[in-house]
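# Structural overview for review
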Amino acid sequence: MLPLYPNMSSVYSFLGVLGLVLILGGCAKPIAYNWRDNSKICARLSGKNYTLEVAHTPAARSKGLSKRSHLTANTGMIFVFDKPSTHRFWMKDTFIPLELIWFDTNYSAIAQQTLMVENDPTNPQNNYESPQPAQYAIEINADELEVPTGTLLNITSNKECGA
């Protein structure tokens, strides 16, 4: 008896490849992360590991990295917002220049801005706004890293890097 489809092995091969693409494609999507369980995380960005303090509450986001005199290399803060929106930062009581990197809901970089120390940090004059809705933002030392648009932030651990 002849098979209904003479080249059935090609159909099975196609379906197998399609299944793998769908399965692996699903794995690439960001998973829901319980930010409230951690005060620090380890994240990889543009080939470098960063230990990031987690700011997920309005009070922690408002305080940010203010009142600090230095920031160790490869450290910073990740700001986690309740929903994607256009967010605004300022440098109130911040005494170190910072790099601000905005991310969308998929942890993809959407913009980067350099935040300079204000002439009077107690009365800042500049605001830094996300150019489009952002879900996350990271502050690290200014000029520490250039992050091209579309670069993915990879959360590698729910604790400090190397801990």
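Read on for an overview of the structure. (Residues numbered from 1 in each chain as written. Predicted model: local features only at pLDDT ≥ 70, side-chain atom pairs only at ≥ 80, totals over all residues. Heavy atoms only, no water.)

## Some words on the overall build of the protein chain
- For the protein chain, the count of helices and strands is 2 helices and 9 strands.
- Put simply, the protein chain runs from its N terminus to its C terminus through helices and strands in the order α-β-β-α-β-β-β-β-β-β-β.
- Roughly 9800 Å² of accessible area belongs to the protein chain as shown, and the carbon and sulfur atoms make up 55% of that amount. (Helix = DSSP H or I, 4+ residues; strand = E, 2+ residues; numbered from the N terminus. Areas by Shrake-Rupley, 256 points an atom, 1.4 Å probe, with all protein chains shown as cover.)

## Examining the pattern of salt bridges
- On inspection of all chains with the given rule, the structure shows 4 salt bridges.
- Across the salt bridge formed by lysine 92 and aspartate 93, the nearest N and O atoms sit 4.0 Å from each other.
- Residue classification places lysine 92 among the partly exposed positions, given a relative accessible area of 29%.
- You can call aspartate 93 buried: its relative accessible area is 15%. (Salt bridge = Lys/Arg side-chain N within 4 Å of Asp/Glu carboxyl O. Buried < 20%, exposed > 50% of the residue type's maximum accessible area, 1.4 Å probe, protein only.)

## So, the environment of leucine 98
- Mapped onto the secondary structure, leucine 98 falls in strand 5 (residues 98-103).
- Sequence separation between leucine 98 and alanine 142 is 44 residues, and the spatial gap between their C-alpha atoms is 4.1 Å.

## Notes on the layout of surface pockets
- In this structure, the largest pocket encloses a volume near 340 Å³.
- If you go around the largest pocket, you meet 18 residues; those closest to its centre are Arg61, Ser62, Lys63, Phe89 and Trp90.
- Residue contributions to the lining of the largest pocket peak at 3 residues, all from helix 2 (residues 58-63). (1 Å grid on protein atoms, 1.4 Å probe; cavity = no way out; pocket = protein on both sides within 12 Å on 5 of 7 lines; lining within 4 Å. Points joined across faces, edges and corners; volume = space filled by probe spheres on them.)

## Here's the deal with the packing of aromatic side chains
- By the definition in use, this model includes 4 aromatic pairs.
- With centroids separated by 4.8 Å and ring planes inclined at 80°, the aromatic side chains of phenylalanine 79 and phenylalanine 89 adopt a geometry described as edge-to-face. With phenylalanine 79 in strand 3 (residues 75-85) and phenylalanine 89 in strand 4 (residues 88-89), this residue pair connects regions lying 10 residues apart in the sequence.
- Look at phenylalanine 89 and you get buried, because its relative accessible area is 9%.
- Ring centres 4.7 Å apart and planes at 15° place the aromatic pair tyrosine 107 and tyrosine 136 in the stacked group. You can see tyrosine 107 sitting in the loop between strand 5 and strand 6 (109-115) and its partner tyrosine 136 sitting in strand 8 (residues 134-141), a full 29 residues away along the chain. With respect to burial, tyrosine 107 and tyrosine 136 carry one shared label: buried.
- Clustering of aromatic rings is evident, with ring pairs tying together Phe79, Phe81, Phe89 and Trp102. (Phe/Tyr/Trp six-rings, centres within 6.5 Å; stacked < 30°, edge-to-face > 60°.)

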